[in-house]
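Residues per chain, in single letters:
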Amino acid sequence: MSQTYRITLLPGDGIGPEIMAVTVDILKLVGEQQGIQFEFTEALLGGAAIDATGEPLPQATLSQCQASDAVMLAAIGGYKWDNLPRSQRPETGLLGLRAGLKLFANLRPATILPQLIDASSLKREVVEGVDLMVVRELTGGIYFGEPKGVFETESGEQRGVNTMAYNLSEIDRIGRVAFETARKRGKKLCSVDKANVLEVSQLWRDRMNELAKEYSDVELSHLYVDNAAMQLVRDPKQFDTIVTGNLFGDILSDIAAMLTGSIGMLPSASLGADGPGLFEPVHGSAPDIAGQDKANPMAQVLSAAMMLRYGLDQPQAASKLEKAVGQVLDQGYRTGDTMSEGMKLVGCQAMGAALKDALKAG
Ligand code: IPM
Ligand code: MG
C-alpha cells in the first residue's frame, strides 16, 4: 500500500530555493522507486516571508507546518535583513518555528566521508573515521530564558540581558533522547556543560548522572565546554554522541561540522515529543553565491534522508539517498566547497542530475 506524506517546504533565502528544488526532484524519484507518495506545499519563512508579509514567521506558515507530517527547511537570512529590529529578523522566524513545533531535540551528525578527507583543514590521521552526533537542546537555555532584553539601569546605563535557564524536565527529556541515540550508536555519551562556573550546568550534570543509572549500557562522561571545543579539534575520534545545551550546541556543532571539511555536506533533524520534525542543512543561506548554480545540494539531500529515517520511518529510502551521495562522490563530482585536484567541478543542478542517475542505477 502506498502512503502519502504531507511535506511543508520552506525554501527560504539565498541558496535555499536552488538546493530545495534539486532535493524535491530527488525525493520524488526515490518516492517512485519505493512506493512512497509525497504531497509538497511551499510556505514562507525568513527573509522571503519578511518581503512578502512583513514578518519572518507568518501564522499561516506555522499552521501549515503544524498540519504536516514533516517540514523541510533550506536556509534563511541574508545581508538585506540583517539590520531589521530583532523581532523582524529571519533568525527570529526560525526560532519561532522551533518553539512553535516544540522541537527540543536537535540531532547534528558529523561524519567524515572517506572521499572528502582531504577537504578537511585537519590532518588525515586526526579526522579519518570520525563519526559523531551532537544532540543539542533547541528550545531552552539562553536562547529562550527570561528575563531577556536591553534594559536601563538605575544610573541610566543600558544593560543587555539574556538568561541561561533549564528546568529539570527540559534537561531530562533531552537527556533521554541523547541516551537513546547513543544506545543506537557507539554507546558512549559525553555531556558538555560549564558546571565549574554555572549553576544551571550543575543541575544539568546531576540529572545526566541520574539518567545514566537507567541507561547502564551507555557509558556517560562529562566535559566542560571549553575543553570539549579543544578535544573536538585535538582528537575528534574519542567522541560518539555528545549532548549539550542550546548555546554550547550551536558552537560545538559548527566545530564538528568543519571537521568534515565542508559544512555544505551536513544535515540536521529537529524533533519534538510528537508532531512533525524539521529537517534542515547545518549551513546557512550563503547569499554570496545565491542564484549562481554553485551551491552544494548534498546537505539538503542528506536532510531529506534524515526526514525519511527519523521523521517518516522510511529507513530504506533514507539509505538509498545516502548511498547515492556516496556514489556521486566516488564518481568524482564536486561543488566548489568540496572541490580538490582531479575532481569534476559541477553546479547545483548538475549535482542533482548526477544524484538522480545514481539512484536510477542503484
Ligand atoms: C543554527 C543557527 C541558528 C542558531 C541561528 C540562525 C538562529 O546558527 O541553526 O545553528 O543559532 O540556532
Ligand atoms: Mg549555528
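Bear in mind that the values here come from a model prediction, so they are computed numbers and not experimental data.

**Student:** Can you help me understand the site of ligand 1 in this one?
**Tutor:** In the vicinity of ligand 1, the residues found are Glu 91, Arg 98, Arg 108, Arg 136, Tyr 143 and Asp 250. The separation between an oxygen atom of ligand 1 and a polar side-chain atom of Arg 98 is 2.7 Å. Alone, ligand 1 offers 320 Å² of accessible surface; in the complex the protein occludes 74% of this. For the shell around ligand 1, the class distribution of residues is one nonpolar, no polar and five charged.

**Student:** Help me understand the pairing of strand S11 (residues 267-271) in this model?
**Tutor:** Walk down a regular strand and you will see the side chains alternate between the two sheet faces. Across the five residues that make up S11, a large majority, five, are buried. In S11, alternate side chains face the same way, and those of Pro 267, Ala 269 and Leu 271 on one face and Ser 268 and Ser 270 on the other are all buried. Pairing analysis gives three bridges linking strand S4 (residues 105-111) to S11, with the strands arranged antiparallel. Within S11, the residue paired with Asn 106 across the bridge is Ser 270. Two strands pair when backbone bridges link them, and S11 and strand S12 (residues 277-281) are joined in this way by four bridges, in the antiparallel orientation. What sits directly across from Pro 267, in S12, is Pro 281.

**Student:** Which parts of the structure should I look at to understand helix H11 (residues 315-330)?
**Tutor:** Three- or four-residue spacings in an α-helix give side chains the same orientation, since the helix completes a turn every 3.6 residues. The first and last C-alpha atoms of H11 sit 22 Å apart over 16 residues, in line with the 22 Å expected at 1.5 Å per residue. Of all the positions in H11, only Ala 317, Ala 318, Leu 321, Ala 324, Val 325, Gly 326, Val 328 and Leu 329 are classed as buried. As for H11, its buried residues are in contact with helix H1 (16-34), strand S2 (36-42), helix H10 (298-311), strand S13 (333-334) and helix H12 (348-361). Downstream of H11 by a residue or two, Gly 332 has a phi angle that is positive, lying close to 95 degrees.

**Student:** What am I meant to see in the side chain of Thr 335 here?
**Tutor:** Mapped onto the fold, Thr 335 is located in the loop between S13 and strand S14 (344-345). A distance of 2.6 Å separates the side chain of Thr 335 from the side chain of Asp 337, its partner in a polar contact. Setting aside anything within four residues of it in sequence, one finds Thr 335 in contact with Lys 294, Ala 295, Asn 296, Pro 297, Leu 345, Val 346, Gly 347 and Met 351.

**Student:** Before we go on, may I ask you to explain the nonpolar core in this structure?
**Tutor:** One broad rule of soluble globular proteins: the nonpolar side chains tend to lie buried together. With 68 residues, the main nonpolar core has Ile 7, Leu 27, Phe 38, Phe 179, Leu 308 and Leu 321 as its most contacted residues. Per-domain counts for this core show at least three residues from each of domain 1 (1-101 + 275-362) and domain 2 (110-264). Residue contacts for Leu 308: discarding those within four places in its chain leaves Leu 27, Val 30, Phe 38, Asp 313, Gln 314, Pro 315, Ala 317, Ala 318 and Leu 321. Membership of the second largest hydrophobic core comes to 20 residues, among which are Ile 117, Leu 132, Ala 228 and Leu 259.

**Student:** Explanation requested: the packing of aromatic side chains in the structure shown.
**Tutor:** The geometry of two aromatic rings is summed up by the distance between their centres and the angle between their planes. Taken as a whole and assessed by the stated rule, the structure comprises four aromatic pairs. Ring plane angle 35 degrees and centroid distance 6.4 Å describe the contact between Tyr 5 and Phe 38, whose orientation is recorded as tilted. Of this pair, Tyr 5 sits in strand S1 (residues 3-12) while Phe 38 sits in strand S2, and the two are 33 residues apart along the sequence. Of note, Arg 173 hangs over the ring of Phe 104, and the distance from its end group to the ring centre comes to 4.3 Å. The positively charged end of Lys 344 is found above the aromatic ring belonging to Tyr 333, 4.8 Å away from the centroid.

**Student:** I'm lost on the domain arrangement of the protein in this one. Help?
**Tutor:** For an interface, size is often stated in terms of accessible area lost upon the parts coming together. Domain assignment breaks the protein into domain 1 (1-101 + 275-362) and domain 2 (110-264). Of the residues lining the interface, 15 residues belong to domain 1; the matching set on domain 2 comes to 13 residues. Between domain 1 and domain 2 we count zero salt bridges in total. Where domain 1 touches domain 2, the interface holds five residue pairs in polar contact (both at pLDDT 80 or more).

**Student:** When you look at the pattern of salt bridges in this model, what are you seeing that I'm missing?
**Tutor:** Under the criterion given, the structure shown has 17 salt bridges. The residue Arg 185 makes a salt bridge to Asp 131 at a minimum N-O spacing of 3.5 Å. Of this pair, Arg 185 sits in the loop between helix H6 (168-184) and strand S8 (188-193) while Asp 131 sits in strand S5 (residues 131-137); the two residues are 54 residues apart in sequence, bridging distant segments of the chain. Among the residues examined, Arg 185 registers a relative accessible area of 25% and is labelled partly exposed.

**Student:** Is there a simple way to explain the packing of H10 against H11 in this structure?
**Tutor:** For any two helices packed against each other, one specifies the inter-axial angle together with the distance between the axes. Closest axis-to-axis distance for the H10/H11 pair is 7 Å, and the angle between their directions is 160 degrees. As judged from the angle between their axes, H10 and H11 are roughly antiparallel. The hand of the H10/H11 crossing is left-handed. Between H10 and H11, the contacting residues are Met 298, Val 301, Leu 302, Ala 304, Ala 305, Leu 308 and Arg 309 on the first element and Pro 315, Ala 317, Ala 318, Ser 319, Leu 321, Glu 322, Val 325, Val 328 and Leu 329 on the second. Partitioning the contact of H10 with H11 into residue classes produces 13 nonpolar, one polar and two charged.

**Student:** For this particular structure, what's the right way to read the environment of Gly 249?
**Tutor:** Structurally, Gly 249 can be placed in helix H9 (residues 246-259). When its relative accessible area of 0% is taken as the criterion, Gly 249 is described as buried. Once the C-alpha coordinates of Gly 249 and Leu 107 are considered, the two residues, 142 residues apart in sequence, prove to be 10.0 Å apart. If near-sequence neighbours (up to four positions away) are discounted, Gly 249 is found in contact with Arg 136 and Thr 244.

**Student:** Just to check I follow, could you spell out H10 for this structure?
**Tutor:** Over its 14 residues, H10 extends 19 Å from the first C-alpha to the last, a length consistent with the 20 Å expected when each residue adds 1.5 Å. In terms of burial, H10 is largely enclosed, as 11 of its 14 residues are buried. Listed as buried for H10 are Met 298, Ala 299, Gln 300, Val 301, Leu 302, Ser 303, Ala 304, Ala 305, Met 306, Met 307 and Leu 308. A positive backbone phi angle near 55 degrees is found at Asp 313, which sits one or two residues after H10.

About the criteria used
- Residues numbered from 1 in each chain as written.
- Chains lettered and ligands numbered in written order.
- Predicted model: local features only at pLDDT ≥ 70, side-chain atom pairs only at ≥ 80, totals over all residues.
- Heavy atoms only, no water.
- Near = heavy atom within 4 Å.
- Polar contact = N/O pair within 3.5 Å; in protein donor to acceptor, adjacent residues only side chain to side chain.
- Areas by Shrake-Rupley, 256 points an atom, 1.4 Å probe, with all protein chains shown as cover.
- Nonpolar A, V, L, I, M, F, W, Y, C, P; charged D, E, K, R; others polar.
- Buried < 20%, exposed > 50% of the residue type's maximum accessible area, 1.4 Å probe, protein only.
- Helix = DSSP H or I, 4+ residues; strand = E, 2+ residues; numbered from the N terminus.
- Pairing = 2+ DSSP bridges.
- Expected span 1.5 Å × (residues − 1).
- Contact = heavy atoms within 4.5 Å.
- Core = buried A, V, L, I, M, F, W, Y, C linked by side-chain atoms within 4.5 Å.
- Domains from an automatic or database assignment.
- Phe/Tyr/Trp six-rings, centres within 6.5 Å; stacked < 30°, edge-to-face > 60°.
- Lys NZ or Arg CZ within 6 Å of the ring centre and 35° of its normal.
- Salt bridge = Lys/Arg side-chain N within 4 Å of Asp/Glu carboxyl O.
- Axes fitted to C-alpha atoms, helices over the stretch in contact; angles between N-to-C directions.
- Parallel < 35°, antiparallel > 145°, perpendicular 65-115°, else oblique.
- Left-handed = near helix turned anticlockwise from the far one by under 90°.

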